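What follows is the residue order along each chain.
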Amino acid sequence: MPAGESRTCPGSEGPLVLPSGSRMRRGEEFADAVRKGGRAGRPTLVAHLRVPPEPGETDDPPLVGFVVSRAVGGAVVRNRVKRRLRHLMRERLDRLPRGSLLVVRANPPAASARSERLAAELDVALDRLLRRRESPETRMDGRR
(Lines give C-alpha, C1' and ligand atoms only; values in the text may rest on other atoms or scores of the structure.)
Protein backbone atom coordinates (compact mmCIF):
# COMPACT_ATOMS: atom_id res chain seq x y z
CA MET A 1 0.00 0.00 0.00
CA PRO A 2 1.45 3.42 -0.94
CA ALA A 3 2.46 5.79 1.85
CA GLY A 4 -0.30 8.11 3.02
CA GLU A 5 -3.09 5.84 1.78
CA SER A 6 -5.41 4.25 4.35
CA ARG A 7 -7.09 0.87 4.15
CA THR A 8 -10.77 0.79 3.30
CA CYS A 9 -13.55 -1.74 3.73
CA PRO A 10 -14.77 -3.29 0.48
CA GLY A 11 -18.08 -1.73 -0.48
CA SER A 12 -17.83 1.11 2.04
CA GLU A 13 -16.82 4.71 1.92
CA GLY A 14 -14.09 5.95 4.22
CA PRO A 15 -11.15 4.39 6.01
CA LEU A 16 -11.16 1.03 7.77
CA VAL A 17 -9.52 2.36 10.91
CA LEU A 18 -10.16 5.19 13.36
CA PRO A 19 -8.41 8.32 12.02
CA SER A 20 -5.03 8.97 13.62
CA GLY A 21 -6.08 12.49 14.64
CA SER A 22 -8.96 11.06 16.66
CA ARG A 23 -6.93 8.63 18.76
CA MET A 24 -6.26 9.49 22.38
CA ARG A 25 -2.62 8.93 23.30
CA ARG A 26 -1.75 11.03 26.37
CA GLY A 27 -2.32 9.74 29.88
CA GLU A 28 -3.68 13.12 31.01
CA GLU A 29 -6.45 12.87 28.42
CA PHE A 30 -7.45 9.40 29.62
CA ALA A 31 -7.41 10.57 33.25
CA ASP A 32 -9.41 13.72 32.44
CA ALA A 33 -12.12 11.74 30.64
CA VAL A 34 -12.40 9.11 33.38
CA ARG A 35 -12.25 11.47 36.38
CA LYS A 36 -14.24 14.44 35.12
CA GLY A 37 -16.50 12.93 32.48
CA GLY A 38 -19.83 11.18 32.59
CA ARG A 39 -19.92 7.39 32.84
CA ALA A 40 -22.24 4.82 31.28
CA GLY A 41 -21.74 1.13 31.99
CA ARG A 42 -22.90 -1.94 30.10
CA PRO A 43 -22.03 -5.61 30.62
CA THR A 44 -19.33 -5.65 27.92
CA LEU A 45 -17.98 -2.09 28.23
CA VAL A 46 -17.92 1.17 30.16
CA ALA A 47 -17.75 4.54 28.39
CA HIS A 48 -16.49 7.80 29.91
CA LEU A 49 -17.23 11.04 28.05
CA ARG A 50 -15.76 14.44 28.89
CA VAL A 51 -17.17 17.35 26.89
CA PRO A 52 -15.40 20.72 27.05
CA PRO A 53 -17.31 23.49 28.87
CA GLU A 54 -17.83 25.40 25.60
CA PRO A 55 -17.91 22.69 22.90
CA GLY A 56 -18.79 25.10 20.09
CA GLU A 57 -15.60 27.12 20.55
CA THR A 58 -13.09 24.43 19.61
CA ASP A 59 -12.09 23.03 16.24
CA ASP A 60 -10.35 20.03 17.80
CA PRO A 61 -11.70 16.65 16.73
CA PRO A 62 -13.11 14.35 19.40
CA LEU A 63 -10.49 11.99 20.81
CA VAL A 64 -11.22 8.33 21.58
CA GLY A 65 -9.11 6.02 23.73
CA PHE A 66 -9.49 2.36 24.63
CA VAL A 67 -8.61 0.46 27.80
CA VAL A 68 -8.52 -3.33 27.62
CA SER A 69 -7.00 -4.93 30.74
CA ARG A 70 -5.53 -8.37 31.23
CA ALA A 71 -8.80 -9.44 32.83
CA VAL A 72 -10.26 -9.49 29.30
CA GLY A 73 -7.74 -12.09 28.11
CA GLY A 74 -4.28 -12.61 26.70
CA ALA A 75 -2.53 -10.22 24.33
CA VAL A 76 -4.14 -11.66 21.20
CA VAL A 77 -7.64 -11.40 22.69
CA ARG A 78 -7.03 -7.88 24.03
CA ASN A 79 -5.76 -6.65 20.66
CA ARG A 80 -8.73 -8.22 18.87
CA VAL A 81 -11.15 -6.47 21.26
CA LYS A 82 -9.36 -3.13 20.72
CA ARG A 83 -9.51 -3.52 16.93
CA ARG A 84 -13.23 -4.33 17.07
CA LEU A 85 -13.95 -1.32 19.32
CA ARG A 86 -11.89 1.01 17.10
CA HIS A 87 -13.81 -0.20 14.06
CA LEU A 88 -17.15 0.40 15.81
CA MET A 89 -16.11 3.88 17.00
CA ARG A 90 -15.02 4.89 13.50
CA GLU A 91 -18.67 4.67 12.44
CA ARG A 92 -19.87 6.64 15.48
CA LEU A 93 -17.22 9.37 15.65
CA ASP A 94 -19.50 11.98 14.07
CA ARG A 95 -21.91 11.69 17.04
CA LEU A 96 -19.32 13.11 19.47
CA PRO A 97 -19.07 16.87 20.12
CA ARG A 98 -15.93 18.67 18.88
CA GLY A 99 -13.14 18.65 21.47
CA SER A 100 -14.66 15.86 23.56
CA LEU A 101 -12.72 12.99 25.13
CA LEU A 102 -14.17 9.46 25.11
CA VAL A 103 -12.61 6.47 26.86
CA VAL A 104 -14.09 3.04 26.17
CA ARG A 105 -13.07 0.39 28.71
CA ALA A 106 -13.73 -3.23 27.79
CA ASN A 107 -15.07 -5.60 30.45
CA PRO A 108 -14.18 -9.35 30.37
CA PRO A 109 -17.42 -10.36 28.55
CA ALA A 110 -16.26 -8.23 25.56
CA ALA A 111 -13.80 -10.98 24.63
CA SER A 112 -16.57 -13.42 23.69
CA ALA A 113 -19.26 -10.94 22.64
CA ARG A 114 -20.41 -10.83 19.02
CA SER A 115 -19.79 -7.60 17.12
CA GLU A 116 -23.53 -6.90 17.00
CA ARG A 117 -23.73 -7.00 20.79
CA LEU A 118 -20.67 -4.77 21.22
CA ALA A 119 -22.16 -2.31 18.72
CA ALA A 120 -25.55 -2.28 20.47
CA GLU A 121 -24.02 -1.76 23.91
CA LEU A 122 -21.71 0.97 22.61
CA ASP A 123 -24.74 2.72 21.09
CA VAL A 124 -26.67 2.51 24.37
CA ALA A 125 -23.71 3.88 26.36
CA LEU A 126 -23.14 6.75 23.91
CA ASP A 127 -26.87 7.58 23.84
CA ARG A 128 -26.95 7.78 27.63
CA LEU A 129 -23.86 9.97 27.83
CA LEU A 130 -25.00 12.35 25.10
CA ARG A 131 -28.53 12.58 26.52
CA ARG A 132 -27.15 13.45 29.99
CA ARG A 133 -24.97 16.12 28.40
CA GLU A 134 -28.04 17.75 26.90
CA SER A 135 -29.98 17.83 30.20
CA PRO A 136 -27.60 18.10 33.19
CA GLU A 137 -30.44 18.36 35.72
CA THR A 138 -31.38 14.71 35.07
CA ARG A 139 -28.14 13.20 36.36
CA MET A 140 -28.64 9.92 38.14
CA ASP A 141 -26.16 10.65 40.94
CA GLY A 142 -28.03 13.76 42.12
CA ARG A 143 -25.27 16.21 41.12
CA ARG A 144 -25.91 19.12 38.78
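Residues numbered from 1 in each chain as written. Predicted model: local features only at pLDDT ≥ 70, side-chain atom pairs only at ≥ 80, totals over all residues. Heavy atoms only, no water.

Here we look at the nonpolar core
Working step 1: Core analysis: the largest hydrophobic core is formed by 28 residues, its most contacted members being Val64, Leu85, Met89, Leu96 and Leu102.
Working step 2: Secondary structure elements with two or more residues in this core: strand 2 (45-50), strand 3 (63-68), helix 2 (75-92), strand 4 (101-106) and helix 3 (115-134).
Working step 3: Excluding residues within four positions of it along the chain, Met89 makes contact with Leu18, Val64, Phe66, Leu96, Leu102, Leu122 and Leu126.
Working step 4: Residues Met24, Ala33, Leu101 and Val103 belong to the second largest nonpolar core, which totals six residues. (Core = buried A, V, L, I, M, F, W, Y, C linked by side-chain atoms within 4.5 Å. Buried < 20%, exposed > 50% of the residue type's maximum accessible area, 1.4 Å probe, protein only. Helix = DSSP H or I, 4+ residues; strand = E, 2+ residues; numbered from the N terminus. Contact = heavy atoms within 4.5 Å.)

Quick notes on the pairing of strand 4
A regular strand carries its side chains on alternate faces of the sheet.
Working step 1: Among the six residues of strand 4, five are classified as buried, and the element is accordingly described as predominantly covered.
Working step 2: Sheet topology note: the strand 2/strand 4 ladder contains six bridges and is antiparallel. By the bridge assignment for strand 4, Leu45 is matched with Ala106.
Working step 3: You can see the chain leave strand 3, run along helix 2 and come back into strand 4, and the turn it takes is left-handed. (Pairing = 2+ DSSP bridges. Right-handed = clockwise from strand over helix to strand, strands pointing away.)

Considering helix 1 (residues 27-36)
Three- or four-residue spacings in an α-helix give side chains the same orientation, since the helix completes a turn every 3.6 residues.
Working step 1: Turning to helix 1, its buried residues number three or more, namely Glu29, Phe30 and Ala33. Buried residues of helix 1, seen end-on, are gathered within an arc of 100 degrees and therefore sit on one face of the element. Those residues of helix 1 that are exposed and aimed more than 90 degrees away from the buried face are Arg35 and Lys36.
Working step 2: Those residues of helix 1 that are buried are in contact with strand 2, strand 3 and strand 4. (Arc of directions from axis to C-beta.)

Here we look at the sheet that holds strand 2
Within a beta sheet, neighbouring strands are joined by backbone hydrogen bonds and run either parallel or antiparallel to one another.
Working step 1: One open sheet holds the four strands; their spatial order is 1-2-4-3, and the pairing between them is mixed. Two strands close off the open sheet at either side, each with one partner strand: strand 1 (38-41) and strand 3. On average, adjacent strands in this sheet sit at an angle of 15 degrees to one another, irrespective of strand direction.
Working step 2: Against the sheet, helix 1 engages strand 1, strand 2, strand 3 and strand 4, with an angle of about 85 degrees to strand 4.
Working step 3: The sheet contacts of helix 2 involve strand 2, strand 3 and strand 4, and relative to strand 3 the element is tilted by about 155 degrees. (Axes fitted to C-alpha atoms, helices over the stretch in contact; angles between N-to-C directions.)

Quick notes on the pairing of strand 1
Working step 1: In this structure, strand 1 lies alongside strand 2, joined through four bridges in antiparallel fashion. Bridge pairing in strand 2 places Gly41 opposite Val46.

Some remarks on the side chain of Arg92
Working step 1: Note that Arg92 resides in helix 2.
Working step 2: What makes Arg92 buried here is its relative accessible area of 10%.
Working step 3: Engagement of the side chain of Arg92 in a polar contact is seen with the backbone oxygen of Leu88, the distance being 2.8 Å.
Working step 4: Among the polar contacts listed, one links the side chain of Arg92 to the side chain of Glu91, at a separation of 3.4 Å.
Working step 5: Sequence-distant contacts of Arg92, defined by excluding residues within four places in its chain, comprise Ala119, Leu122, Asp123 and Leu126. (Polar contact = N/O pair within 3.5 Å; in protein donor to acceptor, adjacent residues only side chain to side chain.)

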